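Structural overview
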Amino acid sequence: MNDCSSHDSEARPTTAAARLRAHRDTIVQWWTDRVRQAIPAASAQDEHHLRDSLPRFLERMAVALKTGLDHSTVEEDLNTVAQVHGKQRSGLKEYSLQQMLREYQLLREVIFQVLEQEGPLAPPERDIILSVIEQGMAEASVGYIRFVQSRERSIEEHFRSLMENIPHVVWLCAPDGRIEFVSRQWTQWTGHPSGAEGGGSRFTQALHPDDVSALSEAVRQARESQGPLRLSYRVKRKDAGFRWCEARGNPVFNDDGHLRGWIGTTTDVDDQRSLDEELKATRLELQEVFMQAPTPMVVMSGPEHRFTLVNPPYERLVNRDVLGVPLRTAFPEEQTRVLPIVQQVHETGQPYTWPELPVTLPDAQGVPRRHYLNASYTALKDAHGTPRAVSCLMVDVTAQVEGRRLLEESEARFRQIANALPQIVWTADASFFVDWYNDWWFQYLGLPRDTRWDDVDTLPMHPEDVERTRLKVQEAVATGGDFLMEQRFRRGSDGQYRWHLVRGVAIRDTEGRVVKWIGANTDIHDQKTTTARLEEERDLRERFVATLTHDLRTPLTAAKLNAQMLARKGADPTVLYKLVARISENLDRADQMIRDLLDANRIRAGEGIAVDIAPCDLTVLARETLEELALVHGDRFILDAPETLPGHWSREALRRMLENLCANAIKYGAHDRPVTVTLAEAGPDTVTLSVHNWGNPIPREDQRALFQQYRRREATQAQKGWGLGLTLVEGLAQAHQGSVTVESTPETGTTFTVTVARDARR
């Protein structure tokens with residue numbers, strides 16, 4: 001068998017008539033196969049005789065689905081085709097009336113099975129198909145019986161076979177209106193007898209009293225016209241009271257052409273009638289809703305798109321009388337714009353939405369006004385799914401469009417101003433998604449224009465700040481409060497992460513809801529660094545002053561005590577000499593502290609240290625200094641130097657440098673390892689003085705700050721000192737047109753190297 005479901009779903013017909021025509025060959029083939037299986041007499045027939053008039057019958061059914069059963073031409077064609085079919089079947093060998101009626105039952109099953117593969121049929125379409133099948137059965141039976149009568153077969157025998165296979169009430173009516181026969185379905189409905197016993201007055205007893213005269217009038221008219229008998233009347237059902245029924249009968253003529261009566265069926269249509277009444281009431285309600293709708297609505301019917309429904313808001317909007325007028329006539333200015341859209345919806349049945357349709361319409365005073373409308377066009381279809389009208393719903397969004405345009409102009413001005421600022425400016429939506437940066441953001445970062453603050457590939461923000469920023473964003477969105485925090489962003493010119501103060505302010509609508517955020521990033525790195533440095537220096541200075549006070553008090557107090565003892569015991573020359581020496585030594589210590597402090601301040605002020613340059617042998621000076629230091633620290637010093645290393649230097653300055661470096665090596669180096677002093681010629685015009693010790697290395701981050709005033713490593717805070725020693729070493733080296741460097745690793749130890757000019761007079 002052919003499978004009708006293989007059709008492209010986009011090309012499937014929508015109405016039952018279209019489906020029937022599209023799948024007619026499939027229906028015929030399926031029906032042929034099932035008839036051969038179900039009816040033994042059919043197996044002996046060739047396909048041409050078996051199908052007989054079935055294709056023509058299906059085409060008449062398609063016409064009925066499209067135009068309705070009430071069309072006289074359709075009904076006459078159906079009767080003719082069915083009677084010819086009945087006559088043809090009566091002539092086939094061993095083909096009974098019951099077998100022919102079984103064909104119609106199988107046809108009904110096949111039609112519904114094939115057509116509903118593409119979706120359920122509408123109730124009115126199903127009713128028409130059933131009515132056509134029933135009418136075909138009745139007319140085919142008439143044709144069959146007529147042919148059999150000509151061969152002297154009993155009409156009662158064959159008519160009873162007909163009655164057994166029709167689910168509705170079947171009746172025979174004489175030309176005078178007397179019911180001669182009703183099927184057994186009548187007994188099931190009313191409880192009255194069926195067959196010939198149920199005819200006559202018994203039949204009318206089951207009718208509503210008000211409908212008996214209507215039956216007589218309908219028979220009279222059908223008799224005069226020699227045509228079909230049509231009538232609606234109420235039947236008293238044994239289990240449901242009076243219910244509306246519809247009777248349809250076709251005339252039966254004798255061989256001599258005289259009217260013998262009518263054969264027909266009665267169908268219960270009470271549910272359908274109630275449904276029609278409800279549908280009518282619903283339509284009235286919908287029309288009332290349509291007219292009361294606050295937005296403009298219209299319905300344009302037919303191929304001319306004539307305005308058949310117009311609600312008051314639409315009339316006020318267009319300010320012209322359009323009811324009953326075709327669209328082309330009502331709005332001639334829309335011939336090329338709106339009219340093609342309405343035609344498209346009417347022809348295809350597909351809806352169309354036109355957002356912000358611009359139209360110019362006169363107001364109540366006739367002044368043209370520009371409007372923007374959200375227009376929705378929808379096809380209104382009949383029971384067969386065929387578009388019969390187009391509805392249009394319009395929403396006036398002029399205020400929103402104009403407001404958006406003003407907002408866009410305002411935003412454009414804001415962005416123009418923001419792009420002119422040498423500062424990062426941004427905007428974000430209500431969820432804090434940053435949707436715009438000014439040009440300075442991309443210039444500052446040196447990155448493409450689609451770079452976000454949290455881009456994982458280019459890392460505009462310092463990775464340590466990303467997560468805490470997300471938490472701050474969540475807090476701002478939840479509370480609606482201002483966003484304020486410090487963040488680090490990488491500057492594209494040098495790759496340095498610099499501190500920024502980031503502030504975002506919420507923009508709210510008239511109801512207080514946050515709709516946007518506007519913010520700016522201000523580079524505060526220099527201020528933040530300067531502030532931190534000043535605070536650090538303040539702490540260092542305070543610690544230095546405390547240390548200085550303590551250290552100066554020690555020699556001065558000692559000198560004072562010795563002076564007091566001198567006053568009491570000065571008569572003894574030995575004691576006198578000893579006390580005077582102690583006073584001089586302590587005053588020299590205090591004087592050296594003050595000199596170091598003054599020299600450090602000169603270095604900080606950029607003035608340099610004044611030194612007296614004279615001929616000097618650096619090897620001799622170093623040997624003498626180390627011998628003096630050995631008296632205090634023990635024999636821990638090793639000198640690696642040439643026999644003589646003459647030059648022009650400040651003897652006192654070189655001694656102070658060497659003493660400071662050796663003192664640091666003893667203080668911070670390993671206590672069980674030697675300190676090595678190395679002197680060497682670095683070239684024809686320079687010499688170097690290096691001091692090396694073993695022990696814990698100086699971290700690289702601390703090495704850069706060693707020579708700053710008051711600076712001391714965190715790990716050496718427990719050691720005594722002012723933090724001026726290395727500052728003085730660097731200043732004294734610069735006074736000799738030189739410099740000082742440091743190298744410190746776990747493998748090689750720590751080495752401070754002073755490089756000075758061979759002749760500092762230059």
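Structure: above.
Residues numbered from 1 in each chain as written. Predicted model: local features only at pLDDT ≥ 70, side-chain atom pairs only at ≥ 80, totals over all residues. Heavy atoms only, no water.

**What to know about the overall build of the protein**
Here is the rule: Helix and strand definitions follow DSSP, with helices as H or I runs of at least four residues and strands as E runs of at least two, each counted in order from the N terminus. Between buried and exposed lies partly exposed: a residue is buried under 20% and exposed over 50% of the maximum accessible area for its type, with that area taken using a 1.4 Å probe on protein chains only. What makes two residues a contact is simply this: any of their non-hydrogen atoms within 4.5 Å. Method for areas: the Shrake-Rupley scheme with a 1.4 Å probe, in which residue coverage is limited to the protein chains shown.
In terms of helices and strands, the protein carries 25 helices and 22 strands. Every one of the 762 residues in the protein was classed for burial, and the buried ones make up 41%. Contacts spanning at least 24 positions in sequence make up 54% of the contacts within the protein whose residues lie at least 6 apart. For the protein, the exposed surface amounts to about 40700 Å²; the carbon and sulfur share of it is 51%.

**Considering the packing of helix α2 (residues 24-38) against helix α5 (residues 54-67)**
Stated formally: Lines fitted to C-alpha atoms define the axes here, with helix axes fitted over just the stretch in contact, and angles between the N-to-C directions of these axes take values from 0 to 180 degrees. Any angle that is under 35 degrees is reported as roughly parallel, and any over 145 degrees as roughly antiparallel; angles of 65 to 115 degrees are reported as roughly perpendicular and all others as oblique. Should the near helix be turned anticlockwise from the far one by less than a right angle, the crossing is left-handed, and should it be turned clockwise, the crossing is right-handed. Side-chain classes follow a simple rule in which Ala, Val, Leu, Ile, Met, Phe, Trp, Tyr, Cys and Pro form the nonpolar group, Asp, Glu, Lys and Arg form the charged group, and the remainder, Gly included, forms the polar group.
Taken N-terminus to C-terminus, the directions of α2 and α5 make an angle of 130°; their axes are 11 Å apart at the nearest point. Taken together, α2 and α5 sit at an angle that is classed as oblique. Along this stretch, α2 crosses α5, giving a crossing that reads as right-handed. Counting all contacts with α2, which are made through Arg24, Ile27, Val28 and Trp31, the residues of α5 involved are Leu54, Pro55 and Leu58. Classifying every residue of the contact of α2 with α5 by side-chain character gives six nonpolar, no polar and one charged.

**Here's the deal with the pattern of salt bridges**
Basically, it comes down to this: One side-chain nitrogen of Lys or Arg within 4 Å of one carboxyl oxygen of Asp or Glu is enough to make a salt bridge.
Applying the stated criterion across every chain, the model contains 38 salt bridges. Linking Arg655 and Glu628 is a salt bridge whose minimum nitrogen-to-oxygen distance equals 3.1 Å. Of this pair, Arg655 sits in helix α23 (residues 651-668) while Glu628 sits in helix α22 (residues 618-633), placing them 27 residues apart in sequence. The exposure class of Arg655 is buried, given its relative accessible area of 18%. Within this structure, Arg237, Arg243, Asp268, Asp270 and Asp271 form a network of salt bridges that share partners.

**Digging into the sheet that holds strand β9 (residues 368-381)**
Heads up, the rule is: A pair of strands counts as paired when DSSP detects no fewer than two bridges linking them.
What the five strands build is an open sheet, ordered β7-β6-β10-β9-β8; its pairing is antiparallel. The open sheet has two edge strands, β7 (306-310) and β8 (352-362), and neither has a second partner. Each strand axis lies, on average, 35° off the axis of its neighbour in the sheet, ignoring direction. Pairing geometry for strand β6 (residues 297-301) and strand β10 (residues 387-396), over five bridges, is antiparallel. The partner of Ser301 across the bridge, within β10, is Ala389. Contacts between helix α17 (residues 398-420) and the sheet are confined to β8, β9 and β10, with β9 contributing the most and set at about 125° to the helix.

**Looking at α17**
Using the following cut-off: Given a helix with a known number of residues, its expected span is that number minus one, times 1.5 Å.
Taking 1.5 Å of rise per residue, 23 residues should cover 33 Å, and α17 covers 33 Å from first to last C-alpha, within 8% of that figure. Among the residues of α17, those classed as buried are Thr398, Val401 and Ala418. Here the buried face of α17 lies against β8, β9, β10, β11 (424-429) and β12 (434-437).

**Notes on the sheet that holds strand β22 (residues 749-757)**
One open sheet holds the five strands; their spatial order is β17-β19-β20-β22-β21, and the pairing between them is mixed. In this open sheet, the two strands that pair with only one neighbour each are β17 (637-640) and β21 (739-745). The average angle at which neighbouring strand axes cross in this sheet is 15°, direction not considered. Both β21 and β22 contribute to a ladder of seven bridges, which runs antiparallel. Across the sheet, Ser739 pairs through a bridge with Thr755, a residue of β22.

**Some thoughts on the environment of Val299**
Summarising the element assignment, Val299 is placed in strand β6. With 90 residues separating them in the primary sequence, Val299 and Ala389 have C-alpha atoms 6.7 Å apart. If near-sequence neighbours (up to four positions away) are discounted, Val299 is found in contact with Phe290, Arg306, Phe307, Thr308, Leu309, Leu380, Ala389, Val390 and Ser391.

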